[in-house]
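Residue-level structural notes
Residue strings, one per chain:
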Amino acid sequence: MMFARTHRRLGVIALLLPAALLLGPLYLYPLGRMVSLSFGTSGWSIKHYAELFSDPFLLRVLLQTLRLSGSIALLCVIVGYPIAYAMRVASARTQRTMAVLIMLPLWTSILVRCFVWIVILGRTGVVNGALEAVGVIDEPLKLVYNGFGVYVGMMHVMLPYMVLPLYNNLKRIDLRLVAAAESMGSSPTAAFFWIVLPLSMPGVLAGALLVFMTSVGLFVIPALLGGLSDITYVMAIEKQIDELNDWGLAAAMSVLLLVVTGMLTLLYERALSLDAPSGLVGRVMRQIFQRGPIIALIWRERLLAALLPFRHAAPVRETARLGSRHLFVNSVSWVFIACLVLPLLVIFPLALGREAYLHFPPTSFSLRWFDNFFSRDDWTGPTITSLEVGVLATIGSILVGVPASYAIVRGRFPGKGIVTALLISPMIVPVIILAISLYGLYSGST
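Keep in mind that this is a model prediction, so the values were computed, not measured. (Residues numbered from 1 in each chain as written. Predicted model: local features only at pLDDT ≥ 70, side-chain atom pairs only at ≥ 80, totals over all residues. Heavy atoms only, no water.)

Our next topic: the overall build of the chain. Along the backbone of the chain there are 20 helices and 0 strands. Residue pairs in contact within the chain that sit at least 24 positions apart in sequence constitute 71% of those at least 6 positions apart. Working note: accessible area of the chain is about 25400 Å², and carbon and sulfur atoms make up 70% of it. (Helix = DSSP H or I, 4+ residues; strand = E, 2+ residues; numbered from the N terminus. Contact = heavy atoms within 4.5 Å. Areas by Shrake-Rupley, 256 points an atom, 1.4 Å probe, with all protein chains shown as cover.)

Okay, here's the thing in structure tokens:
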């Protein structure tokens, strides 16, 4: 028995060894070095953290980034819930179609999507051109290179991260409970607030936290679509390194951002286990996010009863089919899905345009840009490099990730929770922080 247990543990260690060899020098050590650098290079000091919390500019940028990320998360909840619910009540074929359309933007580069929104929202773009054509405006509106452009771009990128977890949660809810409630006299609104909304709160919270954590670390969209006043915290970190060469302060800022994302990760874990809450935080979150909608509905009914004492309950009526009574939700969801997919189609006619500047729609068409692309080594070379990196990263991820996944799912060993957290943690660390730590360590800059 002891031999068999030892043999199994050695097998688990063997499966986790490739991940350890990869994450050790390329993830844990650079981040640890970054944490050490935040406390100074010649003796430990907290001067960088003191400067971090005493500089009004850095504090303003941090609060601005958190406010932006929170706003994006809230907007994604408002927009994403109708989409996820429409997917839930749709037929299996429609669900697959909607899922593919929602995932399509995820398969498109963020740079390409930013370029598309510059074309759509620019002074000579699609929106301004349409508004001028119908006489709504006399001069172009400034819709990009400001806060509005950042919100549009981030919503376009972040919305799928909200819809997919929420849909996965809604799919586990038995909608026959709603039909049963309505057969006993409940209105569709009351049945939704009593049953669907409380049960879907883990998905709402999980999706919102995922959007918030990802938005905090976004760099490209604010840099390309924002103005001078729309700087984010990761942009400020990059400025400390690229322009000011202050690695110590940049490291302290990175550590603070890691602490924020770590705390949000704990909330994310609690959100995924609201059905079995543990500890004070779990119980509080269950009270707020699951029982909150029910309590709000109870107080609504009490208020209506006090204001309208002679109000009669709605008669019991036959329950309509789900697909036929969600026309409004379906219509709204398809409009939002169209806003996700249709902007990507703008890039195709632009690639065939003859003009040397951005103009949509093109006045004439030509293959000159494709000929220019395939005839220049400075374009084809980076393309081949990108494909090579993508293929090698995919193969490496499979070779390392599949054994590690099997080990943490099937294996039993001490510290399994810690190992699982370490394997998942690269998903929540902002990419630019990991890139800076790797660059500073292996380039000899720190």
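Taken N-terminus to C-terminus, the directions of helix H8 (residues 176–183) and helix H9 (residues 188–216) make an angle of 135°; their axes are 9 Å apart at the nearest point. Classified by the interaxial angle, the pair formed by H8 and H9 is oblique. As for how H8 packs across H9, the hand of that crossing is right-handed. Where H8 abuts H9, its residues Leu177, Val178, Ala181 and Glu182 lie against Pro188, Ala191, Ile195 and Val196. (Axes fitted to C-alpha atoms, helices over the stretch in contact; angles between N-to-C directions. Parallel < 35°, antiparallel > 145°, perpendicular 65-115°, else oblique. Left-handed = near helix turned anticlockwise from the far one by under 90°.)

Mean pLDDT over the chain works out to 82, with 85% of the residues at or above the 70 mark. Low confidence marks residues 277–281, where pLDDT is under 50. Its contacts with residues over four positions away, or in another chain, come to 5 contacts. (pLDDT = per-residue confidence, 0-100.)

Compared with an ideal rise of 1.5 Å per residue, which puts 19 residues at 27 Å, helix H15 (residues 327–345) spans 27 Å between its outermost C-alpha atoms and is within 8% of the ideal. All of the buried residues in H15 are Ser333, Ile337, Leu340, Val341, Pro343 and Leu344. At its buried positions, H15 is contacted by helix H3 (56–89), helix H4 (92–103), helix H5 (110–121), helix H7 (147–170) and helix H16 (347–351). (Expected span 1.5 Å × (residues − 1). Buried < 20%, exposed > 50% of the residue type's maximum accessible area, 1.4 Å probe, protein only.)

Right, let's talk about the packing of aromatic side chains for a bit. Scanning the entire structure with this criterion turns up 7 aromatic pairs. On the basis of an interplanar angle of 40° and a centroid distance of 6.3 Å, the ring pair of phenylalanine 373 and tryptophan 379 is categorised as tilted. Residue classification places phenylalanine 373 among the partly exposed residues on the basis of a relative accessible area of 26%. A residue is classified by how much of its surface remains accessible, and tryptophan 379, at 44% relative accessible area, is partly exposed. Three or more aromatic residues link up through ring pairs in this structure, and these residues are Phe39, Trp44 and Tyr49. In this structure, arginine 368 packs its charged tip against the face of tryptophan 369, placed 4.2 Å from the ring centre. (Phe/Tyr/Trp six-rings, centres within 6.5 Å; stacked < 30°, edge-to-face > 60°. Lys NZ or Arg CZ within 6 Å of the ring centre and 35° of its normal.)

We now examine the nonpolar core. Among the nonpolar cores identified, the biggest contains 94 residues, and Leu52 and Tyr233 are the most heavily contacted of them. Here this core gets 16 residues from one element, more than from any other, and that element is H3. Dropping the residues within four chain positions of it, leucine 52 is found in contact with Leu58, Leu59, Tyr233, Leu249, Ala252, Met253 and Leu256. Counting 8 residues, the second largest nonpolar core, distinct from the first, contains Val12, Val400, Ala404 and Ile408. (Core = buried A, V, L, I, M, F, W, Y, C linked by side-chain atoms within 4.5 Å.)

Within the secondary structure, aspartate 230 is located in the loop between helix H10 (220–225) and helix H11 (233–242). In this structure aspartate 230 is buried but unpaired, with lysine 142 as the nearest side chain of opposite charge at 8.0 Å. Reaching out from aspartate 230, the side chain makes a polar contact with the backbone nitrogen of glycine 147 at a distance of 3.2 Å. From its side chain, aspartate 230 meets the backbone nitrogen of glycine 227 in a polar contact 2.8 Å long. Setting aside chain neighbours within four positions, we find aspartate 230 in contact with Gln64, Asn146, Gly147, Val150, Pro222 and Met235. (Lys, Arg positive; Asp, Glu negative; His and termini not counted. Salt bridge = Lys/Arg side-chain N within 4 Å of Asp/Glu carboxyl O. Polar contact = N/O pair within 3.5 Å; in protein donor to acceptor, adjacent residues only side chain to side chain.)

Attention now goes to the pattern of salt bridges. Using the criterion set out here, one finds 2 salt bridges in the structure. With a shortest N-O distance of 2.8 Å, arginine 176 and aspartate 174 are connected by a salt bridge. Arginine 176 gets classed as exposed once you look at its relative accessible area, which sits at 65%. With a closest N to O distance of 2.6 Å, arginine 376 and aspartate 378 form a salt bridge. Looking at arginine 376, the relative accessible area reads 33%, which means it is partly exposed.

What follows concerns a nonpolar patch on the surface. Together, Leu352, Phe365, Leu367, Phe370 and Phe374 make up a nonpolar patch on the protein surface, roughly 540 Å² of accessible area in all. You can see leucine 352 is positioned in the loop between H16 and helix H17 (368–374). (Patch = residues over 30% accessible without salt bridge, like charges linked within 9 Å, V, L, I, M, F, W, Y side chains within 5 Å.)

This next bit is on unusual backbone geometry. We note that tyrosine 145 has phi near 65°; this positive angle belongs to a residue other than glycine. With respect to the secondary-structure elements, tyrosine 145 resides in the loop between helix H6 (126–133) and H7. A relative accessible area of 43% places tyrosine 145 in the partly exposed class. For asparagine 245, which is not glycine, the phi dihedral falls at a positive 55°. Taking relative accessible area as the criterion, asparagine 245 reaches 55% and is therefore assigned exposed.

Mapping serine 254 onto the fold places it in helix H12 (residues 247–272). A polar contact of 2.8 Å, which involves the side chain of serine 254, links it to the backbone oxygen of alanine 250. If we skip the residues at most four places from it in the chain, serine 254 touches Met34, Ile237 and Ile433.

With that out of the way, let us pick up the environment of leucine 209. The residue leucine 209 is located in helix H9 in this model. Placed 135 residues apart in sequence, leucine 209 and leucine 74 show a C-alpha to C-alpha distance of 9.9 Å.

Glancing now at the packing of H3 against H7. Orientation of H3 relative to H7, taken along the N-to-C sense of each, is 45°, at an axis distance of 7 Å. Classed by the angle they form, the pair H3 and H7 counts as oblique. At the point where H3 passes H7, the crossing takes the right-handed sense. Looking at side-chain class alone, the contact of H3 with H7 contains 22 nonpolar, 2 polar and 1 charged residues. (Nonpolar A, V, L, I, M, F, W, Y, C, P; charged D, E, K, R; others polar.)

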